[in-house]
Amino acid sequence: MTIRPSLKPHRSRADAEPPRPALRQRIAHFFLSGLLLAASIGTTPVAWAAPGDLQATQVRVNARALFSGWVDDGRWTQIVAEVSHESGPGGEIVLTADPGQVAATVELAPGASKRVALLMQVGRATSANVSVWLPDSRVQIQSPIPLILQDTAGRSLAVIVAEGDVDLQGVDGLGGGQAAATALERPADLPEEPLAYASVDHLVLAGLGWEALRAGQREAILQWVGLGGHLLFTGGPSAARTLGQMPQALRPASVLSTRGVTELDALAALGGDGPPRGAATIAELVPEPDATVLLSLADGSPLAVQGRYGDGRVTVLAMDPFQAPLRGWGGLGGFWRSLARDFPLADTAWSSPTLGLDGLGPLLISAQGLRQPSLGWLLGSLALYILLAGPVNHRLLRRRRRLDLAWLTIPMLSLAATLVIYGLGRRLHGDDLRLDELSLVRAVPEAGVAHVTTIVSLFSPSSHSYELTAEHGAFRPAAGAGNGAIQVWQERQSRLTGLDIDQWSQRQVVLEAVIPWPQAALGHLTLSGSQVRADQPNPLGQRLEDAQLLVPAAARGWAMWAKAIRSAPPWTTRLSAARPCCIRPKQPRPTA
């Protein structure tokens, strides 16, 4: 578990690049690709991946965006590509998704198929493209597969998860005053990365047991709920099975048994042309002590119970709104609205604006303490150079009657000035590669989860291309940072390549992650005289130097900026009662 993903910069090596094929081989690749594109018009995309012996491997690629392509501006979404081997020997292909500059390498054995998930962060994009490439020749071998993305435009997103088709009538009522965007997903397609749920506000498991999900899916959903999501379970005849394996901390109510009811007059107030008609099977719910009953029958039997889990909510229904008699009832919109009366939730990781260089970049730059020559010093140096190269040089040469040597003295003075400026740059910036990070950590200890946004700034003493590797989370190139050839490779660890930096320059990228956070890691404030003492445990035992503790009103978050990360015991800081951000950074020389 880490607060701040561990980043390891290193210079790109030329010998790490795959060798470029011979001219004949490249011509053969282009020729085969052209034949394939001509033959695949109007069909499912088919790609060619060429092994070293030039025998073609035929694969078929289908791709789609999860949640019907709905995504919030600046949030993450996931592209799922189904890659299947059609014929020929096994081979390797590269899938890329734009916008987002995301890539993944897929190796296929003969007759095999794989599902590849590409996590990408987008702005107000209305489309995305998935492309297939040959890794050895870097040749695009088919036309991009277009995908439709839909901007939620501030609306809530409700996702229904069911094994079969269900009627989504009224589900848009979860949006409250504004109709929610809705999508239907199969359980097998749910992501195992919590960031992929960043645009989702409500997740409804329709007749689906908790144990029916994979372990990675369950963990991702738990973290998503803890950071501010809303998880709903439908009831009805299968309620006992649905709630059977649910973690106790997540469960707002228990199921005693099921029974049939015919009187649903209590629902008439929700709208429609009267209460639902017909008999229904409901689960007898027993709310937990801290849970809230949102709906109930006339006899007091709970129909909907909601509880808190971290910053999020979990709602359990006694009935199944996708089955009779609620299915097709005119008051379903009001029914769903009554379950989301507290939404959208304020001040959660998912409701807060996406942070980037605009919000955190200035704080990182101010804390870095990079030394720069003053404007007066620069103007003085320029004036001195003009004086030496002009009047002084001319006067000395004229006194010696050797004005013909001006062609030699002026270049020598220019060279000397260049060496002086270069030496000053080395003295100010040195020869060390410098990595600075600013992390905003939003911890929810009661749910055992934290959301981390990290801005990584890399200062290079010379012109090089670098790679960054993160243990957790996913990179996204900072907006307006001149991304160039940057590519984010999604492997076991997120890897960013092609970060080109000029000499004595720096570039920034953004890393976002959801990580486990020990539930015992709770800090506290103590007033002692004129000082407020902040004791914040460090769950990882990593040493943080130049830490700043930000304590905004009514917010749960700490912004920590550190240089020279080393193993050390938990840290304790002091902050003044007069200022909200009072720990002034020291200026030790950092190590990369």
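Calculation notes
- Residue indices begin from 1 for each chain and proceed along its sequence in written order.
- Local features in this predicted model are restricted to residues whose pLDDT is 70 or higher, and side-chain atom pairs enter the listing and the counts only when it is 80 or higher, whereas totals over whole chains, interfaces and linings include all residues.
- To obtain the side-chain values, all non-hydrogen atoms of the structure were included, while hydrogens and water were left out.
- Here a strand is any run of E in DSSP of at least two residues, a helix any run of H or I of at least four, and the numbering for each starts at the N terminus.
- For the exposure calls, accessible area comes from a 1.4 Å probe over protein chains only, and a residue counts as buried if that area is under 20% of its type's maximum, exposed if over 50%, partly exposed in between.
- Two residues form a contact once any of their heavy atoms are found within 4.5 Å.
- Throughout, the Shrake-Rupley method with a 1.4 Å probe supplies accessible areas, and for residues the shown protein chains are the sole cover considered.
- Like charges within 9 Å and nonpolar side chains (Val, Leu, Ile, Met, Phe, Trp, Tyr) within 5 Å are joined into patches, using only residues over 30% in relative accessible area that form no salt bridge.
- Within this document, salt bridges are pairs made up of a side-chain nitrogen of Lys or Arg and a carboxyl oxygen of Asp or Glu, the two lying within 4 Å of each other.
- Charged-residue counts in this description rest on Lys and Arg as positive and Asp and Glu as negative, His and the chain ends being excluded.
- Taken as the charge centre is NZ of Lys, CZ of Arg, CG of Asp or CD of Glu, depending on the residue.
- Pairing of aromatic side chains here covers Phe, Tyr and the six-membered ring of Trp, requires ring centres within 6.5 Å, and sorts the geometry by plane angle: under 30 degrees stacked, over 60 edge-to-face, intermediate tilted.
- N or O atoms within 3.5 Å of each other form a polar contact, as long as, within protein, one can give a hydrogen and the other can take it, and as long as residues adjacent in sequence are counted only when both atoms are side-chain atoms.
- To define a nonpolar core, start from buried Ala, Val, Leu, Ile, Met, Phe, Trp, Tyr and Cys residues and group those joined through side-chain atoms within 4.5 Å.
- Whether two strands pair depends on DSSP finding at least two bridges between them.
- Convention adopted: a line fitted to C-alpha atoms gives each axis, helices being fitted over their contacting stretch, and angles between N-to-C directions are expressed from 0 to 180 degrees.
- One less than the number of residues in a helix, times 1.5 Å, gives the span that helix is expected to have.
- The bend reported for a residue corresponds to the angle between axes fitted to the seven residues ending at that residue and the seven starting there.
- Confidence scores labelled pLDDT are given residue by residue by the predictor and lie between 0 and 100.

Enquirer: For this particular structure, what's the right way to read the overall build of the chain?
Expert: The helix and strand tally for the chain stands at 7 helices and 33 strands. By residue count, 48% of the 592 residues in the chain fall in the buried class. By sequence separation, contacts in the chain at least 24 residues apart represent 69% of the contacts at least 6 residues apart. Carbon and sulfur atoms make up 55% of the accessible area of the chain, which totals about 27600 Å².

Enquirer: Mind showing me how you'd approach a positive patch on the surface here?
Expert: Taken together, the side chains of Arg395, Arg398, Arg399 and Arg400 present a region of like positive charge at the surface. Its location among the elements puts Arg400 in the loop between helix 6 (375–399) and helix 7 (406–429). With relative accessibility at 67%, the residue Arg400 sits in the exposed group.

Enquirer: Mind showing me how you'd approach the pattern of salt bridges here?
Expert: The final tally for this structure, using the stated rule, is 14 salt bridges. The partner of Arg214 in a salt bridge is Glu192, with the nearest N and O atoms 2.7 Å apart. In this pair, Arg214 is assigned in the loop between strand 15 (202–205) and helix 2 (215–226) and Glu192 in the loop between strand 14 (181–185) and strand 15, connecting sequence segments 22 residues apart. What makes Glu192 partly exposed here is its relative accessible area of 43%. One salt bridge connects Arg259 with Glu284, and the closest N-O pair in it is separated by 3.0 Å. With Arg259 in strand 17 (residues 253–261) and Glu284 in strand 18 (residues 280–287), this pair connects stretches of sequence that are 25 residues apart. Taking the relative accessible area as the measure of exposure, Arg259 reaches 25% and is therefore partly exposed.

Enquirer: Explain the packing of aromatic side chains to me, please; I cannot follow it from the model alone.
Expert: To describe a pair of aromatic rings, one takes the distance between the centres and the angle between the planes. A complete count under the given rule lists 5 aromatic pairs for this structure. Relative to Trp336, the ring of Phe322 lies with its centre 5.8 Å away and its plane at 45°, an arrangement referred to as tilted. Of this pair, Phe322 sits in the loop between strand 21 (312–317) and helix 4 (332–338) while Trp336 sits in helix 4, and the two are 14 residues apart along the sequence. You can call Phe322 buried: its relative accessible area is 6%.

Enquirer: Please clarify how the side chain of Arg442 should be interpreted in this entry.
Expert: Mapped onto the elements of the fold, Arg442 is located in strand 22 (residues 434–444). A relative accessible area of 13% places Arg442 in the buried class. Side-chain polar atoms of Arg442 contact the backbone oxygen of Asp347, separated by 2.5 Å.

Enquirer: Looking at this model, I keep getting lost on the nonpolar core. Mind explaining?
Expert: Across soluble globular proteins, nonpolar side chains have a tendency to be buried as a group. Counting 80 residues, the largest nonpolar core has Ile221, Leu231, Trp336 and Leu339 as its most contacted members. Residues contacting Ile221, with those up to four places away along its chain left out, are Leu190, Tyr197, Leu203, Trp210, Leu213 and Leu231. Core analysis: the second largest hydrophobic core is formed by 26 residues, Ile79, Val106, Val116 and Leu149 among them.

Enquirer: Would you take a moment to explain the sheet that holds strand 14 for this structure?
Expert: Strand pairs in the sheet, formed through backbone hydrogen bonds, run parallel or antiparallel to each other. The 7 strands lie next to each other as 14-13-15-16-21-20-19, forming an open sheet whose pairing is mixed. What marks the edges here is a single partner per strand, and that holds for strand 14 and strand 19 (292–296). Geometrically, the sheet is characterised by an average inter-axis angle of 20° between neighbouring strands, direction not taken into account. Of the strand pairs in this sheet, strand 13 (residues 157–161) and strand 14 are connected by 5 bridges, and their pairing is parallel. The residue of strand 14 that forms the bridge with Ile160 is Leu184.

Enquirer: Help me out: how do you make sense of the environment of Tyr466 in this one?
Expert: Tracing the chain through its elements places Tyr466 in strand 24 (residues 464–470). A distance of 2.7 Å separates a polar atom in the side chain of Tyr466 from a polar atom in the side chain of Ser460.

Enquirer: I would appreciate a short explanation of the side chain of Arg75 in the present structure.
Expert: Mapping Arg75 onto the fold places it in the loop between strand 4 (70–71) and strand 5 (76–87). No salt bridge is formed by the buried Arg75. Its closest oppositely charged neighbour is Glu512, at 4.8 Å. Reaching out from Arg75, the side chain makes a polar contact with the backbone oxygen of Trp350 at a distance of 2.8 Å.

Enquirer: In this structure, what is going on with helix 6? I would like to understand it.
Expert: Each α-helix winds once per 3.6 residues, and so residues spaced three or four apart point in a common direction. Helix length check: helix 6, at 25 residues, gives a terminal C-alpha distance of 35 Å against a target of 36 Å (1.5 Å per residue), a fit within 8%. Of all the bends in helix 6, the greatest, near 35°, is centred on Val392. All of the buried residues along helix 6 are Ala389, Asn393 and Leu397. Among the residues trailing helix 6, Arg401 stands out with phi positive, at a value near 55°.

Enquirer: Hey, could you run me through the confidence of the model for the chain in this one?
Expert: Segments scoring low in pLDDT should not have their predicted coordinates read at a detailed level. Looking at the chain, pLDDT values average 75 and 71% of them are 70 or higher. The weakest mean pLDDT in the chain belongs to strand 33 (residues 573–576) at 30; the strongest belongs to strand 13 at 96.

Enquirer: Explain a nonpolar patch on the surface to me, please; I cannot follow it from the model alone.
Expert: Taken together, Leu384, Leu387, Leu388, Val392 and Leu396 make up a surface patch of nonpolar side chains, about 400 Å² in accessible area. Assignment of secondary structure puts Leu388 in helix 6. What makes Leu388 partly exposed here is its relative accessible area of 35%.

Enquirer: Honestly, unusual backbone geometry in this entry has me stumped. Any pointers?
Expert: For residues besides glycine, phi is generally negative; the peptide bonds are generally trans as well. For the bond from Ala324 to Pro325, the omega torsion is 10°, close enough to zero to count as cis. For Pro325, the position within the fold is in the loop between strand 21 and helix 4. The peptide bond linking Phe343 to Pro344 adopts the cis configuration, its omega dihedral lying at 0°. Topologically, Pro344 is positioned in the loop between helix 4 and helix 5 (357–368). Despite not being glycine, Ser68 has its phi angle at roughly 55°, a positive value.

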